[in-house]
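In case you want the letters, here they are:
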Amino acid sequence: MTDVVLPCRNEAPALPDLLARMPAGYRPIVVDNGSTDGSAEVARACGAEVISVAEPGYGAAVHAGVLAADPGDGVVCVLDADGSFDPAQLPRLADPVLAGEAHLGTGRRRPAARGVWPAHARVANAVLARRLRRTTGLDIHDIGPIRAVRRADLLALGLRDRRFGYPLELLIAAGRAGWRVVEVDVDYHPRAAGTRSKVTGTVLGTVRAVRDMSAVLAR
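Along each chain, residues carry numbers from 1 onward, in the same order as the chain's sequence is written. This being a predicted model, a pLDDT of at least 70 is required before a residue's local features are given, and a value of 80 or more before pairs of side-chain atoms are given or counted; all residues contribute to the totals for chains, interfaces and linings. As a convention, hydrogens and water are excluded, and side-chain values are obtained from all of the structure's heavy atoms.

*Asks:* Summarise the side chain of R109; cite the residues concerned and give the values.
*Replies:* Numbering of helices and strands runs from the N terminus, with a helix taken as a DSSP run of H or I at least four residues long and a strand as a DSSP run of E at least two residues long. Along the chain, R109 falls in strand β5 (residues 104-111). Reaching out from R109, the side chain makes a polar contact with the side chain of N125 at a distance of 3.4 Å. We call two residues contacting when some pair of their heavy atoms lies within 4.5 Å. For R109, the residues in contact, after removing those within four places along its chain, are F85, W117, N125, D142, I143, G144, P145, V186 and Y188. For this analysis, a polar contact is any N or O atom pair within 3.5 Å, provided that within protein one partner can donate a hydrogen and the other can accept it, and provided that sequence-adjacent residues contribute only side-chain to side-chain pairs.

*Asks:* Please set out unusual backbone geometry residue by residue, giving values where relevant.
*Replies:* Non-glycine residue N10 carries a positive phi angle of around 60°. In this fold, N10 is placed in the loop between β1 (2-8) and α1 (15-20). Of the residues examined, N10 reaches a relative accessible area of 26% and is grouped as partly exposed. In this scheme, a residue with accessible area under 20% of its type's maximum is buried, one over 50% is exposed, and one in between is partly exposed, where area comes from a 1.4 Å probe on protein chains only.

*Asks:* Which residues make up the side chain of T2, and what values go with them?
*Replies:* Note on placement: T2 falls in strand β1. Looking at T2, the relative accessible area reads 7%, which means it is buried.

*Asks:* Any chance you could break down helix α7 (residues 166-176) for me, citing the residues and the numbers?
*Replies:* Along α7, nine of the 11 residues are buried, which leaves the element largely enclosed by surrounding structure. Looking only at α7, the buried set comprises Y166, P167, L168, E169, L170, L171, I172, A173 and A174. Residue G178 follows α7 closely and has a positive phi angle near 75°.

*Asks:* With reference to specific residues and values, describe the sheet that holds β1.
*Replies:* Backbone-to-backbone hydrogen bonds join strands into a sheet, with any given pair of strands oriented parallel or antiparallel. Paired strands are those between which DSSP finds at least two bridges. Spatially, β3-β2-β1-β4-β6-β5-β7 is the arrangement adopted by the seven strands of the open sheet, whose pairing is mixed. Looking at the sheet topology across the chains shown, the edges are occupied by β3 (49-52) and β7 (181-188). Each adjacent strand pair in this sheet contributes to an overall mean axis angle of 25°, direction not counted. The pairing of strand β2 (residues 26-32) with β3 spans four bridges and is classified as parallel. Across the sheet, residue V30 finds its bridge partner in β3, namely V50. Here an angle of 0 to 180 degrees is reported between the N-to-C directions of two axes, which are lines fitted to C-alpha atoms, with helices fitted over the stretch in contact. Most of the contacts of helix α3 (residues 58-68) go to β1, to which it runs at about 155°, and overall it touches β1, β2, β3, β4 (75-78) and β6 (147-150).

*Asks:* Could you give an account of the nonpolar core, naming the residues involved and the relevant values?
*Replies:* Among the nonpolar cores identified, the biggest contains 33 residues, and V31, L104, L132, I143 and L154 are the most heavily contacted of them. Looking at this core, the elements that each hand over two or more residues are β2, α3, β4, α5 (119-136) and α7. Not counting chain neighbours up to four residues away, the residues in contact with L104 comprise V97, R147, A148, V149, L170, L171, A174, W179, R180, V181 and V182. The criterion is simple. A nonpolar core is a set of buried Ala, Val, Leu, Ile, Met, Phe, Trp, Tyr and Cys residues joined through side-chain atoms within 4.5 Å. If you look at the next biggest cluster of nonpolar residues, it comprises 29 residues, including L19, A48, A81 and A148.

No statement about biological role is implied by the geometric values presented.
Set out below in structure tokens:
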């Protein structure tokens, strides 16, 4: 069984379809991070395990979900809960890790429709990815929110960021640890109706994410 951590804040409209499309052998763990729209109740009604995290922040939610995953050396995936990714594509990232061909599988977003990835967010991501390549030598083009890694390996990195800098800190730590990292294409769909991105949905959200990630790069 491969656990899938879904950090969640006000994603109730997306959850039923998303959870219904989880591939066989993948167990969803919805991490409710202060939702006010009944996301936790919707997830439970769909049969998902749900945990609540009071500390705000993407990294806080992901870390709590990883801790809640099955202990041991199993693979854990992370996937946004907004419906923008197809969970059926998770094996693309997890299979190389399960086969021992990579320590980390991460997704490179390929927009499935016009306007899915706003220009301000796309440019910011490209700038950060370029700095990451220079810093670590990893051939990575997207600081994306979908990945697969062995739980024990991830926890051993001792990641500290609990906000939007978490994905970048993971990649920097992976590069420093000499990990084999594979980046695979994943479809990037429009978010489910009734949900809103905390990062790409507004310029302010993107600025906050860039601020958090830039702080990680400066360490």
